[in-house]
Amino acid sequence: MATDITLLWASGSHACWRVMIALEEKNLQGYNQKQLYFEKGEHKSKEVLEINPRGQLPAFKCGDLPLNESCAACFHLECKYKSQGTKLIPDCEEGRALILQRVFEVNALAEKSSSVLYYNWRVPEGERHDSAVKRNKEALTAELKLWEGYLQASSGFIVGKNFSLADVIVYPAVAYLFQNGLSEQRYPKLAEYYKGLMNRPSIKASWPPTWKNAPKQETLKDI
Amino acid sequence: MAKDMTLLWGTGSPPCWRVMIALEEKNLQGYNQKLLSFEKMEHKSQQVLDINPRGQLPTFKHGDNVINESYAACFYLESQFKSQGTKLIPDGPAEQALMYQRMFEGLTFYEKLNAVIYYEWYVPEGERHESALKRNKEALVTELKLWEGYLQKLGSGSYLAGPSFTLADVVVFPTVGMVFRFGLSPERYPKLGEYHNLLKERPSVKASWPPHWLENPKGQDTLKDI
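All residue numbers refer to positions counted from 1 along the written sequence of the respective chain. Whichever chain is written first becomes A and whichever ligand is written first becomes 1, with later ones labelled in order. Totals for whole chains, interfaces and linings use every residue, but because this is a predicted model, local features are given only for residues with pLDDT of at least 70 and side-chain atom pairs only at 80 or more, for both listing and counting. Computation of side-chain values covers all heavy atoms of the structure but excludes hydrogens and water.

A few words now on the overall build of chain A. Think of it this way: any DSSP run of H or I at least four residues long counts as a helix, any run of E at least two long counts as a strand, and we number them from the N terminus. Secondary structure assignment for chain A yields 10 helices and four strands. For chain A, the sequential pattern of α-helices and β-strands runs β-α-β-α-β-β-α-α-α-α-α-α-α-α. For the radius of gyration, the atoms used are the C-alpha atoms, and the globule rule reads 2.2 Å times the number of residues raised to 0.38. What you see for chain A is a C-alpha radius of gyration of 18 Å, in line with the 17 Å of a compact globule of 223 residues. Overall, chain A is about 50 × 45 × 30 Å in size when its C-alpha atoms are taken along their principal axes. Think of it in three bands: residues with accessible area under 20% of the maximum for their type are buried, residues over 50% are exposed, and the middle band is partly exposed, with areas taken using a 1.4 Å probe on protein chains only. Scored against the burial criterion, the 223 residues of chain A give a buried share of 54%. A 1.4 Å probe and the Shrake-Rupley method give the accessible areas. Residues count as covered only by the protein chains that appear here. In the form shown here, chain A has an accessible surface area of approximately 10200 Å², with 51% of it arising from carbon and sulfur atoms. Separation of charge centres in chain A, based on 29 positive and 26 negative side chains, amounts to 1 Å. Positive charges come from Lys and Arg alone, negative charges from Asp and Glu alone, with His and the N- and C-terminal ends not counted. Where a charge lies is defined by one atom per residue type, namely NZ (Lys), CZ (Arg), CG (Asp) and CD (Glu).

This part covers the domain arrangement of chain B. By convention, interface size is frequently given as the accessible area that disappears when the constituent parts associate. Residue and element names in this part refer to chain B. Where each domain starts and ends follows an automatic or database-derived domain assignment. Examined at the domain level, chain B breaks down into domain 1 (2-81) and domain 2 (93-215). In this complex, domain 1 contributes 16 residues to the contact, which on the side of domain 2 involves 25 residues. Looking only at domain 1, the three residues that lose the most surface to domain 2 are Trp-17, Arg-18 and Tyr-71, adding up to 36% of its buried area. Any Lys or Arg side-chain nitrogen located within 4 Å of an Asp or Glu carboxyl oxygen qualifies as a salt bridge. Summed over the shared surface of domain 1 and domain 2, the result is one salt bridge. The closest approach of N and O atoms between Glu-25 and Arg-202, which form a salt bridge, is 2.6 Å. Any pair of residues with heavy atoms lying within 4.5 Å of one another is described as a contacting pair. Here the buried area means the combined drop in accessible surface, using a 1.4 Å probe, for two parts upon being joined, counting both sides.

To continue, consider the environment of Pro-174 of chain B. With respect to the secondary-structure elements, Pro-174 of chain B resides in helix H7 (residues 167-181). Along the chain, Pro-174 of chain B and Leu-192 of chain B lie 18 residues apart, while their C-alpha atoms are 12 Å from each other.

Residue and element names in this part refer to chain A. Taking 1.5 Å of rise per residue, the 15 residues of helix H7 (residues 165-179) would be expected to cover 21 Å, and the 22 Å separating its terminal C-alpha atoms lies within 8% of that figure. Each residue is assigned a bend, namely the angle between axes fitted to the seven residues that terminate at it and the seven residues that start at it. Its maximal kink placed at Tyr-171, H7 deviates by approximately 30°, while the proline Pro-172 follows within four residues. Most of H7 sits inside the fold, with 15 of its 15 residues counted as buried. Just past H7, the residue Gly-181 takes up positive phi, approximately 95°. The span you would expect from a helix comes to 1.5 Å times its residue count less one.

A full pass over the atoms with the stated rule returns 26 salt bridges over all chains. A salt bridge links Asp-91 of chain B to Lys-87 of chain B; the shortest N-O distance between them is 3.2 Å. Judged by its relative accessible area of 43%, Lys-87 of chain B is partly exposed. Between Lys-112 of chain B and Glu-143 of chain B there is a salt bridge whose closest N-O contact spans 3.8 Å. On the criterion of sequence distance, the pair formed by Lys-112 of chain B in helix H4 (residues 93-117) and Glu-143 of chain B in helix H6 (residues 130-154) is long-range, its members being 31 residues apart. With relative accessibility at 26%, the residue Lys-112 of chain B sits in the partly exposed group. The structure contains a network of salt bridges with shared partners spanning Arg-54 of chain A together with Arg-102, Glu-105, Lys-112 and Glu-143 of chain B.

Moving on, we come to helix H8 (residues 188-197) of chain A. Residue and element names in this part refer to chain A. Within H8 the residues assigned to the buried category are Leu-190, Ala-191, Tyr-193, Tyr-194 and Leu-197. What you see down the axis of H8 is that its buried residues fit within an arc of 160°, all on one side. Buried positions along H8 lie against helix H6 (130-150), H7 and helix H9 (201-205). Throughout, the arc means the angular range of directions from the helix axis out to the C-beta atoms.

A few words now on unusual backbone geometry. The residue after Leu-57 of chain A, namely Pro-58 of chain A, is reached through a cis peptide bond having omega 5°. With respect to the helices, strands and loops of the structure, Pro-58 of chain A is situated in the loop between helix H2 (46-51) and strand S3 (59-62). Note the cis peptide between Leu-57 of chain B and Pro-58 of chain B, where omega equals 5°. Summarising the element assignment, Pro-58 of chain B is placed in the loop between helix H2 (46-49) and strand S3 (59-62). A positive phi is found at Asn-27 of chain A, a non-glycine position, where the angle reads about 55°. Owing to a relative accessible area of 48%, Asn-27 of chain A belongs among the partly exposed residues under this scheme.

What follows is about the sheet that holds strand S1 (residues 5-9) of chain A. Residue and element names in this part refer to chain A. By definition, two strands form a pair when at least two bridges between them are found by DSSP. Pairing within the open sheet is mixed, and its four strands lie in the order S2-S1-S3-S4. What marks the edges here is a single partner per strand, and that holds for strand S2 (32-35) and strand S4 (65-66). Seen against the sheet, helix H1 (residues 14-25) touches S1 and S3 and runs at an angle of roughly 150° to S1. All axes here are fitted lines through C-alpha atoms, helices being fitted over the stretch that makes contact, and every angle between N-to-C directions spans 0 to 180 degrees. Running at roughly 20° to S3, helix H3 (residues 70-80) makes contact with S1, S3 and S4 of the sheet.

All names here are of chain A. What the domain assignment reports for chain A is domain 1 (2-81) and domain 2 (93-211). Of the roughly 1700 Å² buried between domain 1 and domain 2 on both sides combined, carbon and sulfur atoms contribute 75%. Put simply, domain 1 and domain 2 have one salt bridge between them. A salt bridge links Arg-200 to Glu-25; the shortest N-O distance between them is 2.7 Å.

Residues and elements named next belong to chain A. Relative to S2, S1 runs parallel, the two being bridged by four bridges. Bridged to Trp-9 within S2 is Gln-35. For the handedness criterion, the β-α-β arrangement of S1, H1 and S2 is classed as right-handed. A right-handed crossover is one whose linking path, passing over the helix from the first strand to the second, runs clockwise when the strands point away from the viewer.

If you want it as structure tokens, here you go:
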């Protein structure tokens, strides 16, 4: 039941967004939720630490069960609510294999994006190197080309003809890139994917509120 | 069927090891496999790139299904072969949720370990800093203490998600195997030590133990002081 579910989240965090999309897709609207702010250090607050000792968001509970890792929450929700809402993992063998493959490949995409976008956040001033920045950008470019390739024959979803768990996990990472200025001309298939799913009810309903009126960043425009 | 499966792997690689443990647990011995060498850059060879454009190991195929991400392969094997071998995803909701939670925390654990033991592999010489390695070690210690706490709470003889061996153990044990291979002190981390001793006797783990660790039983001591 949605009322047994609690989510503490932050706007623009793609891990939080995945869980919110999954909740919408499984018709679990009405879950208890609270928006928190990283800038105010609220992810380290007592109410988060009580659910998630790592002091990270999302902090998520399904009944008494904490599931703070976003993918764990998504897998659990699909399993528990298999018979309601969208079927996020199909029964057929082939579809499932590729969905699982793409779900876990997102780690590489997210990691490479973060090493470019958050370089100055992650690396103290005395340890920064132009060579590292350059290498991180090249790695991200190579990664984006892979995903552009995966989407060549796409019917609007990452895998096959239906919205799946792969889209729940991948879409926020892709949206994040465009929010940070990724070039739609250079990555037309990714752009098509991004725009194509923008108005899907679950995605629209959970769109990061802080993005709605904010100008796009330009960090990735030259990638 | 095992005969329709192919695994390209490297010794001492936790992601490869995860898939091998899963295959053993699901009674899929007899799969086609080939041991490749990272040192000789064989993970970037054409035979790998033909299946896995990322040039990484493991590279795994079952018939036409290509699944190179180790977690994806483990989930896939459990769902395809649900009715044979060990049941790797428990039915009980609490145990299942804990399994998922620990599995995905396992990715963080693995990353923090690599940031220490493979610091020089990942970071070119001109960019290395003592301060960065120190920070990475501190992050690893914090992480190890978390896992020590998780095992403490569950009690002796427990697996990561409770009383049964699950996918959480399949994917996380190889990382635990690595930490002790690299010299972690079982005196300082007794619960992890106990867990390591429990799992290393399990048939699937024994059958897939990295061959070069058997050849050279003495590991490294990178982690002995942390």
